[in-house]
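The lines below spell out each chain.
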Amino acid sequence: MNLHEYQGKAILKSFGVRIQNGIVADTVDEAVEAAKKLTEETKTPMWVIKAQIHAGGRGKGGGVKLAKTMDDVRTIAGNILGMQLVTHQTGPVGKKVNKILVAEDVYYPGEHEPDEYYMSVLLNRQTGRNIIMYTTEGGMDIEQVAADTPELIFKEEVDPKVGLQAFQARKIAFNLGLSGKAMKEMVKFVSALYTAYVATDASLFEINPVLKTSDDKILAVDSKVAVDDNAIFRHKDIAEMRDITEEDPAEVEAGKYNLNFVKLDGNVGCMVNGAGLAMATMDIIKLSGGDPANFLDVGGTANAETVEAGFRIILKDPNVKAILINIFGGIVRCDRVAQGVVDAYKSIGNINIPVIVRLQGTNAEEGKELIDASGLKVFSAITLEEAAALVKEVVE
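First things first, this report covers the structure right here in the doc. Counting from 1, residues in each chain are numbered in the order their sequence is written. Per-residue local features of the predicted model are confined to residues with pLDDT of at least 70, and side-chain atom pairs are confined, for both listing and counting, to 80 or more; whole-chain, interface and lining totals are unaffected and use all residues. Water and hydrogen atoms play no part in the side-chain values, which are based on all heavy atoms of the structure.

1. Some thoughts on empty space enclosed by the protein
We count it as follows: With a 1 Å grid spanning the protein atoms alone, the term cavity applies to any set of points in which a 1.4 Å probe fits but cannot get out, the term pocket to an open set with protein on both sides within 12 Å along at least five of seven lines, and the term lining residue to any residue with an atom within 4 Å of a point. Grid points are joined across faces, edges and corners, and a volume is the space filled by probe spheres set on the points. Ten residue types, Ala, Val, Leu, Ile, Met, Phe, Trp, Tyr, Cys and Pro, are classed as nonpolar, four, Asp, Glu, Lys and Arg, as charged, and the remainder, Gly among them, as polar.
Per the counting criterion, the structure on display carries one cavity of 30 Å³ or more. A volume near 30 Å³ is recorded for the largest cavity. Every residue along the wall of the largest cavity is listed here: His4, Gln52, Asn98, Lys99, Asp243, Thr245 and Glu246. The residue inventory of the lining of the largest cavity, partitioned by class, reads no nonpolar, four polar and three charged.

2. Looking at the packing of aromatic side chains
Counted only if it meets this: Paired rings are identified among Phe, Tyr and Trp, the last through its six-membered ring, by centres lying within 6.5 Å, and are further divided according to the angle between planes into stacked (under 30 degrees), edge-to-face (over 60) and tilted (the rest). Only DSSP runs of H or I covering at least 4 residues are called helices, and only runs of E covering at least 2 are called strands; the numbering of each starts at the N terminus. For each residue, the accessible area found with a 1.4 Å probe, counting protein chains only, is set against the maximum for its type, and the residue is called buried under 20%, exposed over 50%, and partly exposed in between.
Taken as a whole and judged by the stated rule, the model has three aromatic pairs. Here the aromatic rings of Tyr194 and Tyr197 are separated by 6.3 Å at their centres, their planes lie at 35 degrees, and the arrangement is tilted. On the criterion of helical spacing, the pair formed by Tyr194 and Tyr197 is a turn pair, its members being three residues apart in helix H6 (residues 180-199). Judged on exposure class, the residue Tyr194 and its partner Tyr197 are both buried. In this structure an aromatic cluster arises from ring pairing among Tyr194, Tyr197 and Phe205.

3. Some words on unusual backbone geometry
With an omega of 10 degrees, the peptide bond between Asn208 and Pro209 qualifies as cis. In this fold, Pro209 is placed in strand S10 (residues 202-212). With a phi angle near 65 degrees, Lys43 is a residue other than glycine that sits in the positive phi range. Residue placement: Lys43 occurs in the loop between helix H2 (28-42) and strand S2 (47-51). Positive phi, close to 65 degrees, is recorded for Asp216, a residue that is not glycine. Residue position: Asp216 is located in the loop between S10 and strand S11 (218-220).

What follows is the structure in structure tokens.
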């Protein structure tokens, strides 16, 4: 589950990570009030207005602006709220901005020049250990840094038996070229960041930039946080932060029925039980000349209700030209799947696209009889090859 910047910062702050203070706002008036309150609390003379969407590259897309006066706050907030923000991570359609973060200006003048770093904590799947990845090249796209100057990216691997050690935090600060107060601040920052990552069952904590202020404070100016969906039940407070307006509506609806659904860009919808069979089915669709429109695994406890729900979700995609239902009945019964298909037809009404059904395994004959007796215009297949041939026939 992805979080907004302001939500990630709130988590970081609760674990002792110094952050750029800010107040979230839904309207222009709330943004102005937030700016006034920030000035009272932090004495900041200027404010940074940030679009809150689940995507990076907001600044390049016009979603991050500096306001020097209250009139600027009102104007910039009005321009950003409601805009369709397009970044390299949103795709050409972009995402609508429903919230903004009014944050304090932390690039104030002082004894030293401010400096920016990049830091993230994530899992190295090759070693099964968490790593802290960091570089002096903060504020830039990390992908570009990795491509152009990979020698500037450092990685610190953490042994899960003992956790992050003090010497590792000091090593990170040293590699970033810090000393004195800034080094001590960075050691505290890294330790608190790693604690937050582990305690929240996160899959990613990314801070870009980590800022060294002109008076040598270390703080998080941004935050990108993703929490492992499989562990979210242990964090009800974080689960309440979920913003479904940032997610695909079809995937949100599928979640209500415990369906494993991922929206794709193809023209053949597929409904399968079991992730492995689903992947094989998608391969068959591709080899037959079509393109999968989705990944949908109804699981081993599928019944008529969940099958009907899956059917409806697939049909909401206007790009779908055909549907392939491929069920191997082990735990799930083929007749229950067939009943779901029949119920969906009766409930939805006229369905103008071809539906190909392949049922094998438990109660497959009973399932076929249910579909045959329904009088529905459904193509029946016995083998994967037959299903592929039918897909090719209907998509050409």
